[in-house]
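Summary of the model geometry
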Amino acid sequence: MRTAALLLVVLAWPAQAAWEWGAPLTVNSVQGAAIFPHLESANRRGVAVSGDSVGVVWEDNRDGSPQCYLALKPAAAAAFQPEIRLSQADCYEPVLLALDKGRFVAAWEEAGKVHARVLPGGAATQLTEAESVQVTLALRGDALYAAWAETAGRFKRIVVARLELVNDALSVSQVQPIEAAMPSDEQGWPALAVAGDGSVTVAWEDRRHKHTVPLVSHSRDGQAFSAPARLTDHKSGSVDGLGAGTGAMRPTLSAWGAQGIAAVWLDKRDFLSGYDVYAAFDPGTRRFGRNLRVQDSFGDNMAQWHAQIVGGADGRGVALWDDARDGTPDVWLADWDGEAFRDNVAVPAAAGPGAQTDPVATFDAGGNLHVVWLDRDEKTGTRIRYARAAPR
Amino acid sequence: MRVMTMVLAAALFWTGSVLADPPAGYPFVGFDAGLKAARASGKPIFLYFGRYGCAWCDHTNKKTFSDAALKALYSDNYVLVYVDAESGKRLTLPSGERITEAELGVRLQAFATPLFVYMTPQGDKIMQIPGFKTVQDFRDYDRYVRGGHYKQKTLLEFLGGKS
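A few points on the structure. Computed from a predicted structure; not experimentally measured.

Definitions and limits used
- Residues numbered from 1 in each chain as written.
- Chains lettered and ligands numbered in written order.
- Predicted model: local features only at pLDDT ≥ 70, side-chain atom pairs only at ≥ 80, totals over all residues.
- Helix = DSSP H or I, 4+ residues; strand = E, 2+ residues; numbered from the N terminus.
- Buried ≥ 20, exposed ≤ 12 C-beta atoms within 10 Å, placed from the backbone.
- Contact = placed C-beta atoms within 7 Å.
- Pairing = 2+ DSSP bridges.

Things to note about the overall build of chain A
Each helix and strand counted, chain A has one helix and 29 strands in total. Considered along the principal axes of its C-alpha atoms, chain A spans approximately 70 × 55 × 40 Å. A buried classification covers 54% of the 392 residues belonging to chain A. Across chain A, the fraction of contacts at a sequence separation of at least 24, relative to all contacts at a separation of at least 6, is 50%.

Overview of the interface of chain B and chain A
The partner chain A presents 26 residues to the 20 residues of chain B that form the contact. Elements represented by at least two residues in the side of chain B that touches chain A include exactly α3 (55-63) and α5 (101-107) of chain B. Broken down by element, the residue count for the side of chain B that touches chain A peaks at four residues, all from α3 of chain B.

Topic: the sheet that holds strand β23 (residues 305-311) of chain A
All names here are of chain A. Taken together, four strands build an open sheet; the order of strands is β23-β24-β25-β26 and the sheet is antiparallel. Taken across any chain shown, the strands that pair with only one partner, and hence form the sheet edges, are β23 and β26 (345-346). Relative to β26, strand β25 (residues 330-336) is paired through two bridges, and the arrangement is antiparallel. By the bridge assignment for β26, Leu 333 is matched with Val 345.

Topic: the pairing of strand β7 (residues 91-98) of chain A
Consecutive side chains of a regular strand alternate in pointing toward one face of the sheet and then the other. With eight of its eight residues buried, β7 of chain A lies for the most part within the structure. Connecting the antiparallel pair β7 of chain A and strand β8 (residues 104-110) of chain A is a turn made up of five residues, with Lys 101 of chain A showing a positive phi of about 55°.

Description of the pairing of strand β17 (residues 213-219) of chain A
All names here are of chain A. Burial analysis of β17 places seven of its seven residues in the buried class, which makes it a mostly covered element. Covered by surrounding structure in β17 are Val 213, Leu 215, Ser 217 and Ser 219 together with Pro 214, Val 216 and His 218, the residues of both alternating faces. Following strand β16 (residues 200-206), the chain reverses through six residues before pairing antiparallel with β17; Lys 210 in that reversal takes a positive phi of roughly 70°. Alignment of β17 against strand β18 (residues 229-230), held across two bridges, turns out to be antiparallel. Residue pairing across strands places Leu 215 opposite Arg 230, the latter belonging to β18.

Some words on the sheet that holds strand β4 (residues 53-60) of chain A
All names here are of chain A. Within the open sheet, the four strands sit side by side as β3-β4-β5-β6. Their pairing is antiparallel. Each of the sheet's edge strands pairs with one partner strand only, and the pair in question is β3 (47-50) and β6 (84-85). As judged from the four bridges shared by β3 and β4, these two strands associate in the antiparallel manner. Residue pairing for β4: Val 47 is matched across the bridge by Val 56.

Here it is in structure tokens:
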């Protein structure tokens with residue numbers, strides 16, 4: 001009997017390790033079968049925690065066109081406040097960044113240009129004149145950066161801007177492409193992180209090699225960027241003269257540890273099992289190390305989607321994504337233990353019947369993990385769900 | 001004449017860059033334009049879900065879609081739609097939901113490319129076929145779809161009944 005009880009404890013260990021979850025909440029106040037919320041954004045920055053306030057941004061079509069929304073919740077409150085609309089014209093892929101004392105910066109694509117706004121309060125500012133999409137934000141101290149994909153000739157290229165914040169007013173103080181040369185093929189989906197030493201890292205999807213390859217570039221001062229390098233350590237090419245190589249997409253970055261940067265992305269190097277989640281760490285050398293497969297053996301033959309990495313200043317890291325290994329899509333996470341990613345664990349409120357997808361997450365200053373995801377139901381509509389987890 | 005040639009060349013070049021890797025010479029269009037054309041024409045949709053640089057897509061293009069008779073069969077009888085598995089380009093599903101082309105792969109639970117999806121003129125999925133296929137395979141799928149056999153039989157039942 002005692003042996004059996006011990007065995008049960010051991011078997012249950014992965015499911016209860018690491019995180020203690022609070023009750024889930026619904027974020028969006030308007031739902032319906034023909035309303036489609038989306039959490040997709042460059043670097044998947046859809047949730048942020050500033051002081052005592054949790055903020056979530058998303059896009060949905062409740063008003064007859066795609067618009068971007070923000071909902072806030074005091075940490076102790078039992079519900080989110082009614083959302084506010086951020087945009088006036090067609091809006092996509094909003095991101096949110098925490099400032100201090102309950103203040104945030106949101107950025108989004110609206111009518112083909114990138115906009116940003118300080119919240120609560122501030123007015124929306126258009127950051128770009130050229131056609132620009134897929135904006136993301138990162139901050140360290142008072143150094144606030146944005147990156148986006150901007151049309152340059154026939155293709156889009158990655159641009160990084162330093163933003164100035166005076167009271168609640170935002171402006172662009174300097175803006176520059178990662179590379180001076182015009183792009184030779186598409187670039188997009190930038191991820192941005194500022195390390196503890198203030199250096200800036202940008203990763204993005206790049207097609208110059210005639211297949212999709214995540215590239216990365218660093219800058220010590222946010223002005224001069226290094227020549228792009230592959231984020232992946234797997235270099236594929238054509239096979240018997242066919243194609244150009246396997247695909248890897250949607251890189252995400254997070255500041256990690258005292259000086260480091262963590263990255264995850266979707267990688268099709270094993271092209272028969274859909275995209276897998278791969279990760280790499282830069283401990284502060286401004287070189288990413290060997291690639292690590294994040295999902296465990298139970299997710300091997302399953303396509304993974306919507307991956308994100310969240311890093312902590314104390315060296316913790318959590319990768320999140322969704323896959324359907326249990327029959328329907330669920331949100332999964334894997335903790336980084338300093339040497340490897342632990343066994344995959346389903347987020348309790350984001351698992352089970354139905355489709356739970358598209359996780360976005362962040363740490364707060366206390367090390368709690370805040371996760372937001374889509375809970376899809378074709379009949380009643382999609383709920384945006386939120387849960388907070390405290391480290392055990 | 002020279003200006004027209006340059007315009008046509010530029011258009012072909014642009015189309016190639018936007019659509020990534022569809023087979024050469026086929027009148028592939030984007031998802032939204034294809035759905036609109038299918039509704040107007042009543043033709044079924046043949047959706048090619050490919051990936052930029054995909055070797056098996058390239059192989060299928062060279063070995064199968066190079067067949068002139070197959071090209072005529074599919075160009076005449078289908079609205080041909082190409083979707084890039086890793087693109088952020090947006091499309092609107094028949095439900096009205098606007099997603100990226102990459103997100104369509106999530107909804108199709110795509111494991112590998114190429115993936116071929118046959119749809120009704122209204123955009124309802126009839127079936128999806130992954131991987132390299134031969135000219136004869138596509139002729140069989142055409143008979144199954146345009147013959148309306150999918151309403152009564154599974155593809156396996158239909159193909160089994162063939163022999």
